[in-house]
Amino acid sequence: MSFVEFRGVTKTFGRAPAVEQLDVGIAQGEFFSLLGPSGCGKSTTLRMLAGFIAPSTGSIHVQGRDITHLPPEKRDIGIVFQNYAIFPHMNVFDNIAFGLVERGEDAATIRRKVGAALEQVGLSGYDERFERELSGGQKQRVALARVLVIEPHILLLDEPLSALDKKMREEMKFWIKSIQHSIGITTIYVTHDQSEALTMSDRIAVMDRGRVLQIGSPVEIYEQPRSRFIAEFIGESNLLPGRLARADGTTGAVEVAGAQVPARLAQPGLSTGAEVAFLIRPEQIRLEPWSADEAPMLTGKVADETYQGALRRYRIDAAGQHLTVEVPNRPELAQLPPGADVQLYWRPESGLALA
Amino acid sequence: MTERAIPWPMMALAVVGFAYMLLPIFVVVLAGLTAGEFLTFPPEGLSLRWVAAFLQSEKYLSAFFFSFRLALMTMVVATILGTAAALFLARSNVVGKAALRAFFLSPVVLPGVVVGFALFAFFIYSGMGLSRTIWGLWIGHILYSTPYVIGTVGAALAAYDDSLEEAARSLGASPWRAFRKVTLPNISQGIQAGSIFAFIVSFGQFEVSLFLSAPNAEPLPIAMYNSLRYQFDPSAAAAGIFAITLVIASVLLTNRLVNIRRLLGRQQGQ
Ligand SMILES: Nc1ncnc2c1ncn2[C@@H]1O[C@H](COP(=O)(O)OP(=O)(O)O)[C@@H](O)[C@H]1O
Ligand SMILES: [Mg+2]
């Protein structure tokens, strides 16, 4: 039995369901991400767990206990909102003390715990500040301190980094993960940013239009996406139209761009002759100048090249199909000008055939 | 930062507009300060004799204080009802909310005479014994003032981020505590503005009062009207001076309270 369980949860606003038939179990101490494009139902899922809205059908369980109809103040779940929701009429101290005051703690305990929380988030000495005097990153820290100080047993984070600039986002990503790791709190993290989900999560649930499409570790989600949507949504991908030429169990071969290449099969039931999408990630491809010696996966011509500092990104035309290839920017690698004939190599297990 | 230039035609229009609206006030004030026997403009010399007459007039003074008490009582009820209604309109999902909002706001849109007459007729036919009593008048004023509170509190709620209250709930506050400790302080300016509006609207209300006021308890506008019907007496204008002063004072006072609050907030923050 999982620590947190959604059992057949559906939430309908008006006609269209925002969340449909959600069955998810989250383990104690896990960092679990809900990842999906905007409007796919991530916040709705989180808000049902926090108790702000009730599911239309289904139930939610924490530690085996049905909390579907428990009001938010009885749930012991901390939530950090996208806009942080710092109380503007209270200073930082009173914001963080809020939950302790509601729990009837005495003044000395409150002072001690708030002080410790401020220290934990690196904001000692900011007690007297008001929301309007804090930067985005500081608001974020206050919001987190305000939640952690009450020691909830579940932490919910709704796109907590989306309001920050890029540099701050990178910094906070690791900071949040390290805090989560150090106190071991079960965390559900909502984001539409696949790189956040990949770097921070133990497991990811990819959602689209109210449904969970796949649940798995970052490695599984990235390397064994179950559908074209997931393959495209997570990371960069080359998805080429092809036909399954051979299938035996979990591997086979795909006819793609005028060649036959080996591939793993994303779905076991795929049969020979089926139309498939062939997935190969840009960083998995090795690019070589044309030579007669070795047998490549595909051959093609350089269509164009984009210089990206650490990387060179090539667009390759292979029998009318376009592929993106990323090559580390190292001096010993050959320069490939537009129009050059090239050979594309990758390990056989890098290719994936998707229904 | 430099002030942004306002195009002069707009400026001129604003000046003319303000002058047009404010001129009657000057007329009343000056007419109330006349030294002559009659309500005339321009005044025949300046004196305080009509102001003194007002201050000695049992009729005007009692009307003034009756209006004041009525406006205060109206303000209290309108503030509570209007805030509750604005919260309901902002948060419930009932069907026909737009229609409900229009209904709540209708007393301001309908001609006052219609509202006054409708209430008068209702009080008489329903036989509740409210016609031409203080209570009936109070109800009429509440009905007429509440929409202003709904308007200002509604605007404050539109600017208010509901996730603040959700945050409070999830930190352990009951619905009522979350409202009182988080929502209320953040919409208080809207409530204050609305209650001042309600006070002023009630204090200056005429049409509804005309139908509903009891003969022995006349609000100031009705007393002024009744007196002017029979004699064109400058003490009515003097009464007007006091009414205007009261309204301006209450507006300044709120402005002051609200600003002081902001000021304090800023200093605490440093
Ligand atoms: N209170 C609400 N009333 C009506 N529709 C809503 C409400 N909240 C969310 N929705 C709808 O439900 C869907 C999912 O929304 P949401 O969970 O906020 O998506 P996400 O957080 O993934 O961007 C959207 O189509 C949204 O318009
Ligand atoms: Mg969202």
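The structure displayed is predicted, hence computed values, not measured ones.

Engineer: I tried to follow the pairing of strand E14 (residues 275-280) of chain A on my own but got confused; where do I start?
Structural biologist: Look at any regular strand and the pattern is simple: side chains alternate between the two faces of the sheet. Residues and elements named next belong to chain A. Counting buried residues along E14, five of its six residues qualify, which places the element largely inside the surrounding structure. Pairing geometry for strand E11 (residues 238-248) and E14, over six bridges, is antiparallel. Looking at the pairing, Arg-243 lines up with Glu-275 of E14. Pairing of E14 with strand E20 (residues 352-354) involves three bridges; the strand directions are antiparallel. Considered in E20, the bridge of Phe-278 is made with Ala-353.

Engineer: What is the right way to read helix H8 (residues 175-204) of chain B from this model?
Structural biologist: Residues three or four positions apart in an α-helix share a direction because the helix packs 3.6 residues into each turn. For H8 of chain B, built from 30 residues, the straight-helix expectation of 44 Å at 1.5 Å per residue is missed by more than 12%, its first-to-last C-alpha distance being only 38 Å. At Leu-184 of chain B, H8 of chain B shows its maximal bend, which comes to roughly 55°, and the proline Pro-185 of chain B appears one to four places after that position.

Engineer: Is there a simple way to think about the domain arrangement of chain A in this case?
Structural biologist: Note: interface size is frequently given as the accessible area lost on complex formation between the parts. All names here are of chain A. With domains assigned, chain A is organised as domain 1 (4-228) and domain 2 (244-354). Domain 1 and domain 2 are separated by 39 Å when their C-alpha centres are compared. Opposite the eight residues of domain 1 that make contact, domain 2 presents eleven residues. Carbon and sulfur atoms make up 46% of the area that domain 1 and domain 2 hide from each other, which totals about 680 Å². At the boundary of domain 1 with domain 2, the tally comes to zero salt bridges. Summed over the shared surface of domain 1 and domain 2, the number is four residue pairs in polar contact (both at pLDDT 80 or more). Considering every element that reaches the side of domain 1 that touches domain 2, the biggest residue donor is helix H7 (residues 218-223), with three residues. When its residues are assigned to classes, the side of domain 1 that touches domain 2 shows three nonpolar, two polar and three charged.

Engineer: Is there a simple way to explain the interface of chain B and chain A in this structure?
Structural biologist: The interface of chain B with chain A comprises 23 residues on the first partner and 29 residues on the second. Of the roughly 2,100 Å² buried between chain B and chain A on both sides combined, carbon and sulfur atoms contribute 55%. Looking only at chain B, the three residues that lose the most surface to chain A are Glu-166, Ser-170 and Leu-171 of chain B, adding up to 32% of its buried area. The salt bridge involving Glu-166 of chain B is made with Arg-47 of chain A; its shortest N-O contact spans 2.8 Å. Joining chain B to chain A, the criterion identifies nine residue pairs in polar contact (both at pLDDT 80 or more).

Engineer: Please explain unusual backbone geometry as it appears in this structure.
Structural biologist: All names here are of chain A. Of note in the backbone geometry, Gln-21 takes a positive phi value of approximately 45° without being a glycine. Relative to the elements of secondary structure, Gln-21 occurs in strand E2 (residues 17-26). Using a relative accessible area of 44% as the deciding quantity, one classes Gln-21 as partly exposed.

Engineer: Would you explain helix H5 (residues 166-183) of chain A in this entry?
Structural biologist: All names here are of chain A. If you check H5, its first and last C-alpha atoms are 26 Å apart, about what 18 residues at 1.5 Å a residue would give, namely 26 Å. Every buried residue of H5 is listed here: Met-172, Lys-173, Trp-175, Ile-176, Lys-177, Ile-179 and Gln-180. Along its buried surface, H5 packs onto strand E3 (31-35), helix H3 (107-120), helix H4 (136-148), strand E7 (154-158), strand E8 (186-191) and helix H6 (194-200). Gly-184 sits one or two positions beyond H5 and adopts a positive phi of about 65°.

Engineer: I tried to follow the pattern of salt bridges on my own but got confused; where do I start?
Structural biologist: Working definition: two side chains of opposite charge can pair if their charged atoms are close together. Residues and elements named next belong to chain A. Using the criterion set out here, one finds 26 salt bridges over all chains in the structure. When the shortest N-O distance is used, the salt bridge between Arg-7 and Glu-5 registers 2.8 Å. The partly exposed category is assigned to Arg-7, whose relative accessible area is 37%. Accessibility expressed as a relative area gives 14% for Glu-5, which makes it buried. Asp-248 is the partner of Arg-246 in a salt bridge, and the nearest nitrogen-oxygen pair spans 3.3 Å.

Engineer: Quick question: what am I supposed to make of a nonpolar patch on the surface here?
Structural biologist: Among the surface-exposed residues, Phe-18, Tyr-20, Met-21, Leu-22, Leu-23, Ile-25, Phe-26, Leu-30, Phe-41 and Leu-46 of chain B lie close enough to one another that they form a single nonpolar patch of about 1,100 Å² accessible area. Relative to the helices and strands, Phe-26 of chain B is located in helix H1 (residues 8-32).

Engineer: It is not clear to me how the pairing of strand E4 (residues 57-62) of chain A should be interpreted in this structure. Could you clarify?
Structural biologist: Residue and element names in this part refer to chain A. As judged from the five bridges shared by strand E1 (residues 4-12) and E4, these two strands associate in the antiparallel manner. Each bridged residue has a counterpart across the sheet, and for Phe-6 the counterpart in E4 is Ile-60. As paired elements, E4 and strand E5 (residues 65-66) share two bridges and run antiparallel to each other. Looking at E5, one finds that Val-62 is bridged to Arg-65.

Engineer: What exactly am I supposed to notice about the site of ligand 1 here?
Structural biologist: All names here are of chain A. In the vicinity of ligand 1, the residues found are Phe-13, Ala-18, Ser-38, Gly-39, Cys-40, Gly-41, Lys-42, Ser-43 and Thr-44. Gly-39 is positioned such that a nitrogen or oxygen atom in its backbone is 2.6 Å from an oxygen atom of ligand 1. Thr-44 is positioned with one of its side-chain polar atoms (N or O) 2.5 Å from an oxygen atom of ligand 1. In isolation ligand 1 has 560 Å² of accessible area, and contact with the protein removes 53% of it. The element best represented in the shell around ligand 1 is helix H1 (residues 42-50), accounting for three residues. For the shell around ligand 1, the per-class residue count stands at three nonpolar, five polar and one charged.

What counts as what
- Residues numbered from 1 in each chain as written.
- Chains lettered and ligands numbered in written order.
- Predicted model: local features only at pLDDT ≥ 70, side-chain atom pairs only at ≥ 80, totals over all residues.
- Heavy atoms only, no water.
- Buried < 20%, exposed > 50% of the residue type's maximum accessible area, 1.4 Å probe, protein only.
- Helix = DSSP H or I, 4+ residues; strand = E, 2+ residues; numbered from the N terminus.
- Pairing = 2+ DSSP bridges.
- Expected span 1.5 Å × (residues − 1).
- Bend = angle between axes of the 7 residues up to and from the residue.
- Domains from an automatic or database assignment.
- Contact = heavy atoms within 4.5 Å.
- Buried area = accessible area lost by both parts, 1.4 Å probe.
- Salt bridge = Lys/Arg side-chain N within 4 Å of Asp/Glu carboxyl O.
- Polar contact = N/O pair within 3.5 Å; in protein donor to acceptor, adjacent residues only side chain to side chain.
- Nonpolar A, V, L, I, M, F, W, Y, C, P; charged D, E, K, R; others polar.
- Patch = residues over 30% accessible without salt bridge, like charges linked within 9 Å, V, L, I, M, F, W, Y side chains within 5 Å.
- Areas by Shrake-Rupley, 256 points an atom, 1.4 Å probe, with all protein chains shown as cover.
- Near = heavy atom within 4 Å.

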